[in-house]
Amino acid sequence: MSATVHTEAAEVLRRLELDVNRRLDGLLHGDYRGLVPGHGSETGETRPYVPGDDVRRIDWNVSARSMDTHVRESIADRELETWVLVDRSPSLDFGTARTTKAGLAVEAVGAIGFLTARTGNRLGAVVVDPEGTTVIPAKPGREHLLAVLHSLLTGARPGTRLGGAARHAGGTTDLGAALGHLIVPPRRRGLIVVVSDFLSTDGWARALRGLTARHDVVAIEIVDPRELELPSVGVLTLVDPETGRTREVPTNRRVRDRYAAAATEQRRRIADELRSAGVGHLQLRTDRDWVIDVARFVQARRSMAAVR
């Protein structure tokens, strides 16, 4: 790998760390353990159930004795284990705004990592691309986080390569199969963040539902504005990044309207699938300030946790 690639990657990481440490810190204000507030694994006191509580935390013995539904609080772990699954399918190499979707995915992972690395928390990664799946073991520390981010920027894959589980013809990936590596073997209870455009239809929703039984799960959906509407530029040549097929499309008003309607329906369907899986949903766009969007999401999750 050339020295130029390493130099460019180092500069990207430097800017990313500054964005998180300065801008995101300034917007969030205060102490936080990670991207979202999570429950510890050590049991604590019980209290009456209130609407919005996780039904999985109901203490049935206490509820039966008191004749009223109670939930068991948990004591926060000193160390949170965070796993990120990063989708590196060719569809994420697309981008028409300030960066590609793949570049925005790296920024999202950086935000997760820097937010969770402050108090000795461990970060692991599962990276899925057309060649297969790589599992990078969870470790604490800034240097480990920088190594994970560097691998995403340069294409290097330090860790255990599990080829074949996500390998398909035409450069596609199997997000559902990759999620299986977070279910088996069971990971320590913690936070799981899935970064993808969720354009595949390979059963990822069912796999996400399996993860929520044990972990706090957040889905970060990566979107480019040109996926939502076509420009009026006459005849436009479109290329499918996963199959290489090309198609010429006239961008008249009728075609643009039909495309926009189909794109809106696609994103609605993705949002519905994520909601039904019971995961947190954060959408990041290549034409928006990701720092502000992440800060708003974290603040909303904090407020929800405070109400509960």
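A. Local environment of the overall build of the protein chain. Per the secondary structure count, the protein chain includes 8 helices and 11 strands. In the protein chain, which comprises 308 residues, the proportion classed as buried is 45%. Sequence-distant contacts, at least 24 apart, represent 74% of the contacts inside the protein chain between residues at least 6 apart.

B. Representation of the pairing of strand β10 (residues 246-250) in the model. Sheet topology note: the strand β9 (residues 235-239)/β10 ladder contains 5 bridges and is antiparallel. When the sheet's bridge partners are listed, Val235 is paired in β10 with Pro250. Count of turn residues in the β9/β10 antiparallel hairpin: 6 residues, of which Gly244 carries a positive phi of about 80°.

C. Quick peek at the nonpolar core. Residues Leu24, Val195, Ile220, Leu284 and Trp290 are the most contacted members of the largest nonpolar core, which totals 42 residues. The leading source of residues in this core is helix α3 (residues 101-116), at 10 residues. Excluding residues that lie within four positions of it along the chain, Val195 makes contacts with Leu85, Val86, Asp87, Ala105, Ala108, Val109, Ile112, Ile220 and Ile222.

D. Focus on the pattern of salt bridges. Evaluation of the coordinates by the stated rule reveals 17 salt bridges. With a closest N to O distance of 2.7 Å, Arg142 and Glu17 form a salt bridge. One end of the pair, Arg142, is in helix α4 (residues 142-154); the other, Glu17, is in helix α1 (residues 3-28), with 125 residues separating them in the sequence. Overall, the relative accessible area of 41% leaves Arg142 in the partly exposed class.

E. Quick peek at the packing of helix α6 (residues 204-212) against helix α7 (residues 253-277). In the contact formed by α6 and α7, the axes pass within 8 Å of each other and the chain directions differ by 25°. Of the possible angle classes, the one that applies to α6 and α7 is roughly parallel. As for the relative orientation of α6 and α7, their crossing is right-handed in sense. On the side of α6, the interface is formed by Trp204, Ala205, Leu208, Arg209 and Thr212, while α7 contributes Ile270, Glu273, Leu274, Ser276 and Ala277.

F. Focus on empty space enclosed by the protein. On inspection of all chains with the given rule, the structure shows 1 cavity of 30 Å³ or more. Taken as a whole, the largest cavity encloses approximately 40 Å³ of empty space. What lines the largest cavity is Gly113, Thr116, Ala117, Asn121, Arg122, Leu123, Lys139, Pro140, Gly141, His144 and Leu145. Where the lining of the largest cavity is concerned, the elements lending two or more residues are α3, β4 (122-129), β5 (132-140) and α4. Residue composition of the lining of the largest cavity, grouped by class: 4 nonpolar, 5 polar and 2 charged.

G. Representation of the packing of helix α5 (residues 175-183) against α6 within the structure. Close contact between α5 and α6 brings their axes to 8 Å; oriented N to C, the two are set at 15°. Taken together, the axes of α5 and α6 lie roughly parallel to each other. Crossing geometry of α5 relative to α6 is assigned as left-handed. Contacts between α5 and α6 pair Leu175, Gly176, Leu179, Leu182 and Ile183 from the former with Trp204, Ala207, Leu208 and Leu211 from the latter.

H. Expanded view of the layout of surface pockets. In this structure, the largest pocket spans a volume of roughly 1,100 Å³. Secondary-structure elements contributing two or more residues to the lining of the largest pocket are β9, β10 and α7. Per-element tally for the lining of the largest pocket: the top contributor is α7, with 6 residues. Looking at side-chain class alone, the lining of the largest pocket contains 14 nonpolar, 9 polar and 11 charged residues.

I. Inspection of the environment of Thr133 at higher detail. For Thr133, the position within the fold is in strand β5. In this structure Thr133 comes out as buried when scored by relative accessible area, which is 0%. Between the C-alpha atoms of Thr133 and Ala178, which are 45 residues apart in sequence, the distance is 6.6 Å.

J. Focus on the side chain of Glu227. Position of Glu227 relative to the elements: it lies in the loop between β8 (216-223) and β9. You can call Glu227 buried: its relative accessible area is 13%. The residues contacting Glu227, other than those within four sequence positions of it, are Phe94, Lys101, Leu199, Ile222, Tyr259, Ala263 and Arg267.

K. Inspection of α5 at higher detail. Every buried residue belonging to α5 is among Leu175, Gly176, Ala178, Leu179, His181 and Leu182, and all of these are buried. Between the side-chain oxygen of the N-cap and the backbone nitrogen of Gly176 there are 3.2 Å, and the N-cap of α5 in question is Asp174.

L. The confidence of the model for the protein chain, seen in detail. Here the protein chain averages 83 in pLDDT, while 86% of its residues score no lower than 70. Every residue in residues 38-42 scores below 50 in pLDDT, and together they form 18 contacts with partners more than four places removed in sequence or on other chains. The low-confidence segment residues 165-169, where pLDDT is below 50, has 17 contacts with residues more than four positions distant or belonging to other chains.

M. How the structure looks around the environment of Ser196. Considering the arrangement of structural elements, one finds Ser196 in strand β7 (residues 191-196). When the C-alpha atoms of Ser196 and Arg88 are compared, they prove to be 7.8 Å apart, with 108 residues separating the residues in sequence. Not counting residues up to four positions away in its chain, the partners in contact with Ser196 are Asp87, Leu175, Ile220, Glu221 and Ile222.

So, how was this worked out
Residue numbers restart at each chain and count upward from 1, following the sequence in its written direction. Totals for whole chains, interfaces and linings use every residue, but because this is a predicted model, local features are given only for residues with pLDDT of at least 70 and side-chain atom pairs only at 80 or more, for both listing and counting. Hydrogens and water are ignored here; the side-chain numbers use all heavy atoms of the structure. A helix here means a DSSP run of H or I that spans at least four residues, while a strand means a run of E at least two residues long, and both kinds are numbered starting from the N terminus. When a residue's accessible area, from a 1.4 Å probe over protein chains only, is under 20% of the maximum for its type it is buried; when over 50% it is exposed; and in between it is partly exposed. In this analysis, two residues are considered to be in contact whenever any of their non-hydrogen atoms come within 4.5 Å of each other. Pairing between two strands is assigned when DSSP locates at least 2 bridges connecting them. Among buried residues, the Ala, Val, Leu, Ile, Met, Phe, Trp, Tyr and Cys ones that are joined through side-chain atoms within 4.5 Å form a nonpolar core. By definition, a salt bridge exists where a carboxyl oxygen of Asp or Glu is found within 4 Å of a side-chain nitrogen of Lys or Arg. All axes here are fitted lines through C-alpha atoms, helices being fitted over the stretch that makes contact, and every angle between N-to-C directions spans 0 to 180 degrees. What sets the label is the angle itself: under 35 degrees gives roughly parallel, over 145 gives roughly antiparallel, 65 to 115 gives roughly perpendicular, and the rest give oblique. We call a crossing left-handed when the near helix sits turned anticlockwise from the far one by less than a right angle, and right-handed when that turn is clockwise. Cavities and pockets were defined on a 1 Å grid built from protein atoms only: a cavity is a group of points that admits a 1.4 Å probe but offers it no way out, a pocket is an open group of points flanked by protein on both sides within 12 Å along at least five of seven lines, and a lining residue is one with an atom within 4 Å of any such point. Grid points are joined across faces, edges and corners, and a volume is the space filled by probe spheres set on the points. By the convention adopted, Pro, Cys, Tyr, Trp, Phe, Met, Ile, Leu, Val and Ala count as nonpolar, Lys, Arg, Asp and Glu as charged, and the other residues, Gly among them, as polar. For the purposes of these results, a polar contact is taken to be a pair of N or O atoms within 3.5 Å, where, inside protein, one atom must be able to donate a hydrogen and its partner to accept one; residues adjacent in sequence count only when each atom of the pair is a side-chain atom. Here pLDDT means the predictor's own confidence in every residue, given as a number from 0 to 100.

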